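Spelled out, the chains give:
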Number of protein chains: 2
Amino acid sequence: MSHILIRQGELDFLLWDWLKLDQILQSPRFDTLDRETVNAVLELSAKLAESDFLPHYKAADARDPWLDDNGDVHVLPEIGEALRQFAELGMFGASFAEAYGGMNLPIVVNSASQSQFMAANVATSAYPMLTVANARVVVEFGSEAQIAKFALPQIAGETFGTMCLSEPQAGSGLGDIRTRAEPDGQSDYGAQFRLTGNKMWISGGDQDISDNIVHLVLAKIPDADGRLPEGTKGISLFITPKHLPDDAGRNDIAVAGLNHKMGYRGTANCLLNLGEGRFAPYGKAGAVGYLIGEPGQGLAMMFQMMNEARIGVGLGAAALAYRGYRHALRYAMERTQGRALDGSKTAGNAPIAIIEHPDVQRMLLVQKCYAEGALGLVLYCAALADRGREDDAAEQLLALLTPVAKTWSSEWGLVANDLAIQVHGGYGYTRDFDVEQLYRDNRLNPIHEGTTGIQGLDLLGRKILRSDGVPLKLLGEKIAQTISRAEKQSELAQHAQRLRDAWDRVGRTVETLSAADAPRALANATHFLFGFGHVVVAWLWLDQAEICASAKTGQDEAYRLGKIRACRFFFEVELPKIVAWFDVCASLTDVAVAVPAEQF
Amino acid sequence: MSHILIRQGELDFLLWDWLKLDQILQSPRFDTLDRETVNAVLELSAKLAESDFLPHYKAADARDPWLDDNGDVHVLPEIGEALRQFAELGMFGASFAEAYGGMNLPIVVNSASQSQFMAANVATSAYPMLTVANARVVVEFGSEAQIAKFALPQIAGETFGTMCLSEPQAGSGLGDIRTRAEPDGQSDYGAQFRLTGNKMWISGGDQDISDNIVHLVLAKIPDADGRLPEGTKGISLFITPKHLPDDAGRNDIAVAGLNHKMGYRGTANCLLNLGEGRFAPYGKAGAVGYLIGEPGQGLAMMFQMMNEARIGVGLGAAALAYRGYRHALRYAMERTQGRALDGSKTAGNAPIAIIEHPDVQRMLLVQKCYAEGALGLVLYCAALADRGREDDAAEQLLALLTPVAKTWSSEWGLVANDLAIQVHGGYGYTRDFDVEQLYRDNRLNPIHEGTTGIQGLDLLGRKILRSDGVPLKLLGEKIAQTISRAEKQSELAQHAQRLRDAWDRVGRTVETLSAADAPRALANATHFLFGFGHVVVAWLWLDQAEICASAKTGQDEAYRLGKIRACRFFFEVELPKIVAWFDVCASLTDVAVAVPAEQF
C-alpha cells in the first residue's frame, strides 16, 4: 500500500470505533450490508486509487485540459481511463439505492471511499463527485422519465454531470444571474425551455471522457413582460444535456473558454455559452433545458447538491492535507540534517533525521491535528447525513456543521499543506515533489462552493442567529457528553475542562452577537467561524482521544498514543487561538465596517 | 503610474516622515546627496520597474529557464534586457561608494528603490540583489586585485554574482558541506585552490545575461591527512568565476540541472557540479577558486552576505504582499456582488462593490497591516544598517531584528497574498490574474536564506538567550519612547497601553525561557518568533500612527486616517494572537519533543 494515501487503520478507527458504523448498518435500509462488505469496498477503493488515480497526478497538472478547433475540450487520456475503471467497479453508484443500480452504501462509507481517490488525485475525483451529486438531485426531484434518462446513466458512470450556478458577473450573489429560460412547450422529459446565458466556473463543463454531460443549470423564467424576476426566489433548475436525448444532436451549449487554474488542473473548468446559436437543436437557437421540480424552486434543490458538495470540498481538503502530511512524515524520517539541540551525538557525529528536531515535530503535529482533524470532522458530518434520514436532530446538527466542515478543512488543510512544503525545505518548493502541487490544489477549497466569508455568514447568520437555537443546543449536549466521558481519564481531564471553558466562551459570544445589531454582528462572522471551528474540532479530538485512552479500539498502542498526543497538542497549542477570535467578536468592533475606500 | 507598485507617497512617508532620512543624510558620508536626488532615484526606480520589469512578469513564469544541449542555461530574453537597462542607469552600484563607481546611496534608499523592482518582478530583481550582495563581500574582504577583477564588474552590472552555500545533503546544516578545496599555488588573485563538489539551490547559478558569473563558494580545505575539518569552523570562502580571468577559458563548473520551482521562476536555480572534469582550466580538472579572507573564516564572511540577503528576502516578501494588496484593492472597488448587510439599497437595487462588504474590508485591512507593516519593518532595519555604521546600538538592534524582518514579512506577506486571491474569488485562482503568481512567488520566502525554524533559533537562541541582554533592552527603550509619545494622542492611548502589556509579556516569556533548560526553551523558538514578531510590528504601527495622529507628515488626511485605522486594526484584531504563542512558550510544553516516529 502506498504510504501517502489514507491509512486503512485510520478509516477503521474512525468508522467502526468512533462513528459506530455498526449502529448505522443496523438500519433496515442497510440489511444487505455487513462489515466485511464495507471493508472490501474500502480496500478496493485504496487499491484503485493507487493503481489508477495516483499515477497521473503530476501528468494532469503538467498538461492542462485543452480546447480544440471545434470548440471541444480534451483532458489527459489517463483521467478517462481511471474513471472508466471507477465506473466498471460500480463506484459511481456506491451511495445509490440498489433500485437505481447502486451499492446502497451509507454516505459515511462512500465518503471514506472517496477520501482515497481524493488523496490520490483530487482533480480526477472531482468528475465523479459532481456526477454523483447531480444524479442525486435528479433522483430526488426529477420525474421518472428524467431519472431514467439522466440519472441512471450517471449512476452507471457513462454520463457525467455538472452544476451550473455562477455567471461571470454573479458567483456568491446568485440572485443576480441573468440566464434566461423561455418556455418551449412540452417534451418527453417535462416542460421544455430554451436557455440563453453564460455560465462560469463549470467544473467538468466539457470533456472527452463521458458519452454525454448532464448540466444542471440555474436560470430565470421571464414574467409576462419579459423581465427576469429579481433575487433568488425567481430561480428555476433545468436539466440541460450536452447531447439531446433520442439522437436529436448537440444542444446549443458552446465552450467559450477554459479557466487556467493554479492547481486542480485535471478538472476542466469552463465558461459555457448557452443559446449563442452555434447549434440549433430542433431547428432553432437556444439551449434546450427540461424543468426539474417546480419553477422558482431551483435554488432550494441546488442547495441539496451544494450541501453535499460542501462536505465533498471539506473531504477533498482533508484528503489533500492528509496526503501532504504523509509525504512530510516520510521525508522527515529519511532526510538528515543538523545535530540535536541537546548536544547528544549520533555515531560518528552524523547528522540526525530531521524528524528528531522539535520544530519539525511541531510541524508534523500541526499537520496531524489538521489533516486527521479535518478527516474526522467531515466523516462525522457524513455519518450525520446517514443518521439524519431517521433522526431530525442529526439533520439539524449536520446543517450547523456543514459550513464548518467545508471551511475548517479547507483553511487549515491548506496550512497543513504549507507546512508539508516547509518540512521539505527547498525541495518542497520544486515541482519534483508532490507537496508543491497538493498546496496549489488545496488553495481552491476556501473559494469554491461558497467562499470562507459566505460560510461565516451561513454559520453565524442563518444557522445560529436566525435559527431557533436548537442546533447549537444539540451540539452543546454532544460536547457535554464527551466532556463527561473524558473527565474520567486522568490524562484527558485537563482538556475536558478546557473544552468546557471554550464552549462557555462560544455561548457568551453568541449571546453578545445576538444582542447586537445584525449587520454589526455579521461583520465579525468570519472570526466567529474560525473560533467556532477550532472548538468543534477540539471536541472531536477529545472524543477520539477518549476512545484511545480507554482502549475502546483495536488499534495498536502507537496509534492510540499518537491520537492522544495530537489531542494534547491541539488543546495546548491550537485551542488557545480562539481567545483572539472571540475577543474580536465580543468587542463588536467596527474597525472593518464602512472604511472609506481612499483610506486603504 | 501603475496602481500595483509601491505608492510614492508611502515611500515618502516612511523615509522622510518616519525614518528621518534627512538625519541619516547629515552624515558626512552622504555629503553629495540631498532630498531631491534621493527622490529622483526613487521616481526613476518606479518608472524603470514599470517599464522594464513588470511587462515580463507573467511571461517569465510561463517560460521556465531552460538548459541547452551544451549544458548552458537560458532565460527569457526580456529578463536580460531589463537588467541591461538597470545596469545602464547605474542601479547595480546604487549603494556602493563613488570610489567603486557607485551612487553612494544610503541602504534604506537603496532598499526603497529595490522594493519597486521586487513588486514589479521579484524573480528578475533577484539577479541584482545577489550580485550586489556578492560584490559587497568582495569589496569588504577581498584584496585590491580581487576587488578590481570581481567586484567592480558586478557593481557595473556587467558580471553577476551568486552565493554557493547549500549542497544536496546540506542546507540548514552547513557544517556538513563536502565541497573540497585543494591548494593549487598562487595566482594574481591570491591563493588558488581547486574545488570539487556539488552546490544546490544556486540562484542565478547560470544564465545567458551577464558576461561572467562570480560564484562565492563555501568549501573546506582538507587537513594534512586529506580529511575535511568537521563543523562550520573549517569552512573557507572562494571566488570561483564561471569564466577565468585573462581569457583563460571556462572554469570547471557544470550545470547538473535546473530546479523547477512553484514560483519565482524567472530566477534560474541550479545544481552546479564543481570539478567534475568537464572543463580543465590550465590543463587539469577542478574548479579554480581564489581564497578570499582567511581560511576558516568563510561562514563569518558569508553571513555578512546572508544578513543582507535576509533583509532582502523580507523586502521581497513585503513588496509581493504590497502588490497583491494593491491588486485586491483595485478589484474590490471594481467588482460588484451581493447587497449590503444592513439592507440599504443602491439605485435600481444593483449589486454593490465588494469593497463595501465588511468581510472584504477585513481582508483588505489584514493585507494593509501585513504589507505596509512588513515594508515598514524592513525599511526600519535598512535604516538601522545605515545608522549602524556610526552607532553600535543600531547595529545590535539590527542583529536582533534581522530574523524578524526576514520571517515576519515572509510568513504574513504570504498570508496577505492568500487573502488577495480570496478577495478575487475564483478569478484569483486563475493564471489570468497576477495574485495567483504573487502567492506562488512568495511561498519561497519562508524557506530560502534560512527557514522560519532556523530564524526562530537565531532569534531566541543566539540573539536573546545567548546574548548579554543588551539588544532586547535597546528595543525595550525604543518601544517605551513610542508608548510615551502615543499616550498623548487620545485615539492611540489604548493601543499604547496594550503595547506596554505586550512588551511586559515578552519580558516575562524571556525570563521563563531563560530559566529553562536550553533545548526545552528552544523547542518553542518558532512560537516565540511569531509572538515577538507581532509585538515588534505592533510597535512600528503605533510609531507610524503617532506621526499621523499628530500630523507630523505632509501626507493627506485619507492617508493619515488609513494608517491610524490599520494601526487600530492591528491592535484590535492581530495583537491578541500573541497570547496563544506566548502561553505555549510559557508552558514550556514538551508536547512536540521526542515524539516517537510511530506515533505520527
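What counts, and where the lines are drawn
- Residues numbered from 1 in each chain as written.
- Chains lettered and ligands numbered in written order.
- Predicted model: local features only at pLDDT ≥ 70, side-chain atom pairs only at ≥ 80, totals over all residues.
- Heavy atoms only, no water.
- Core = buried A, V, L, I, M, F, W, Y, C linked by side-chain atoms within 4.5 Å.
- Buried < 20%, exposed > 50% of the residue type's maximum accessible area, 1.4 Å probe, protein only.
- Helix = DSSP H or I, 4+ residues; strand = E, 2+ residues; numbered from the N terminus.
- Least-squares fit on C-alpha atoms with pLDDT ≥ 70 in both.
- Contact = heavy atoms within 4.5 Å.
- Buried area = accessible area lost by both parts, 1.4 Å probe.
- Salt bridge = Lys/Arg side-chain N within 4 Å of Asp/Glu carboxyl O.
- Polar contact = N/O pair within 3.5 Å; in protein donor to acceptor, adjacent residues only side chain to side chain.
- Nonpolar A, V, L, I, M, F, W, Y, C, P; charged D, E, K, R; others polar.
- Expected span 1.5 Å × (residues − 1).
- Axes fitted to C-alpha atoms, helices over the stretch in contact; angles between N-to-C directions.
- Parallel < 35°, antiparallel > 145°, perpendicular 65-115°, else oblique.
- Left-handed = near helix turned anticlockwise from the far one by under 90°.
- Pairing = 2+ DSSP bridges.
- Phe/Tyr/Trp six-rings, centres within 6.5 Å; stacked < 30°, edge-to-face > 60°.
- Lys NZ or Arg CZ within 6 Å of the ring centre and 35° of its normal.
- pLDDT = per-residue confidence, 0-100.

Turning our eyes to something else, we now look at the nonpolar core. Judged by nonpolar contacts, the single largest core of 364 residues is most densely connected at Phe532 of chain A together with Phe532 of chain B. Considering every element that reaches this core, the biggest residue donor is helix 9 (residues 358-387) of chain B, with 19 residues.

Moving on: the relation of the copies chain A and chain B. With an axial shift of 0.0 Å and an RMSD of 0.0 Å, the rotation relating chain A to chain B amounts to 180 degrees. Put plainly, the chains are arranged around a two-fold axis. Across chain A, the smallest distance between a C-alpha and the rotation axis is recorded for Lys577 of chain A, namely 3.3 Å. Residue by residue, 100% of the interface of chain A is reproduced at the interface of chain B, so both copies engage with the same surface.

We now examine the interface of chain A and chain B. Counting from both sides, the interface comprises 90 residues of chain A and, opposite them, 90 residues of chain B. Taking both sides of the interface into account, the surface hidden between chain A and chain B amounts to around 7800 Å²; carbon and sulfur atoms contribute 57%. One can count 8 salt bridges joining chain A with chain B. Between Asp418 of chain B and Arg443 of chain A there is a salt bridge, with the nearest N and O atoms lying 2.8 Å from each other. The interface formed by chain A and chain B holds 53 residue pairs in polar contact (both at pLDDT 80 or more) in total. Broken down by element, the side of chain A that touches chain B gets its largest block of residues, 8 residues, from helix 17 (residues 557-574) of chain A. When the residues that make up the side of chain A that touches chain B are grouped by side-chain class, the tally is 42 nonpolar, 24 polar and 24 charged.

What follows is about helix 17 of chain A. In an α-helix there are 3.6 residues to a turn, and that puts residues three or four apart on one side. The terminal C-alpha atoms of helix 17 of chain A, which comprises 18 residues, lie 24 Å apart, in line with the 26 Å expected from a rise of 1.5 Å per residue. Those residues of helix 17 of chain A that sit buried are Tyr559, Gly562, Lys563, Ile564, Arg565, Ala566, Cys567, Phe569, Phe570, Phe571, Val573 and Glu574 of chain A.

Residue and element names in this part refer to chain A. Interaxial distance between helix 9 (residues 358-387) and helix 10 (residues 392-424) falls to 8 Å at its minimum, and their mutual angle equals 155 degrees. The pairing of helix 9 with helix 10 is recorded here as roughly antiparallel in orientation. In the crossing of helix 9 with helix 10, the sense of the turn from one axis to the other is left-handed. Of the residues in the contact of helix 9 with helix 10, the class split is 25 nonpolar, 4 polar and 1 charged.

Residues and elements named next belong to chain A. Extensive coverage of strand 9 (residues 269-274) is indicated by the burial of 5 of its 6 residues. Relative to strand 9, strand 5 (residues 190-203) is paired through 5 bridges, and the arrangement is antiparallel. Each bridged residue has a counterpart across the sheet, and for Asn198 the counterpart in strand 9 is Asn273. The pairing of strand 8 (residues 253-258) with strand 9 spans 5 bridges and is antiparallel.

Bringing the packing of aromatic side chains into the picture now. On inspection of all chains with the given rule, the structure shows 51 aromatic pairs over all chains. An angle of 85 degrees between the planes, with centres 5.8 Å apart, marks the rings of Tyr370 of chain A and Trp408 of chain A as edge-to-face. You can see Tyr370 of chain A sitting in helix 9 and its partner Trp408 of chain A sitting in helix 10, a full 38 residues away along the chain. Both residues of the pair, Tyr370 of chain A and Trp408 of chain A, count as buried. These aromatic residues form a ring-pair network of at least three members: Phe53, Phe86, Phe92, Phe117, Tyr127 and Phe160 of chain A. The ring centre of Trp66 of chain B lies 3.7 Å from the NZ or CZ of Arg63 of chain B, which sits over that ring.

Mean pLDDT over chain A stands at 96; residues scoring 70 or higher make up 100%. Our summary of model confidence lists the complex with pTM equal to 0.98 and ipTM equal to 0.98.

A separate point is the pattern of salt bridges. Residue and element names in this part refer to chain B. Going through the model one piece at a time under the given rule, you end up with 78 salt bridges over all chains. With a shortest N-O distance of 3.0 Å, Glu390 and Arg29 are connected by a salt bridge. With Glu390 in the loop between helix 9 and helix 10 (392-424) and Arg29 in the loop between helix 2 (21-25) and helix 3 (35-53), this residue pair connects regions lying 361 residues apart in the sequence. Among the residues examined, Arg29 registers a relative accessible area of 25% and is labelled partly exposed. With a shortest N-O distance of 3.1 Å, Arg227 and Asp225 are connected by a salt bridge. No difference in accessibility class separates Arg227 from Asp225, as the two residues are exposed.

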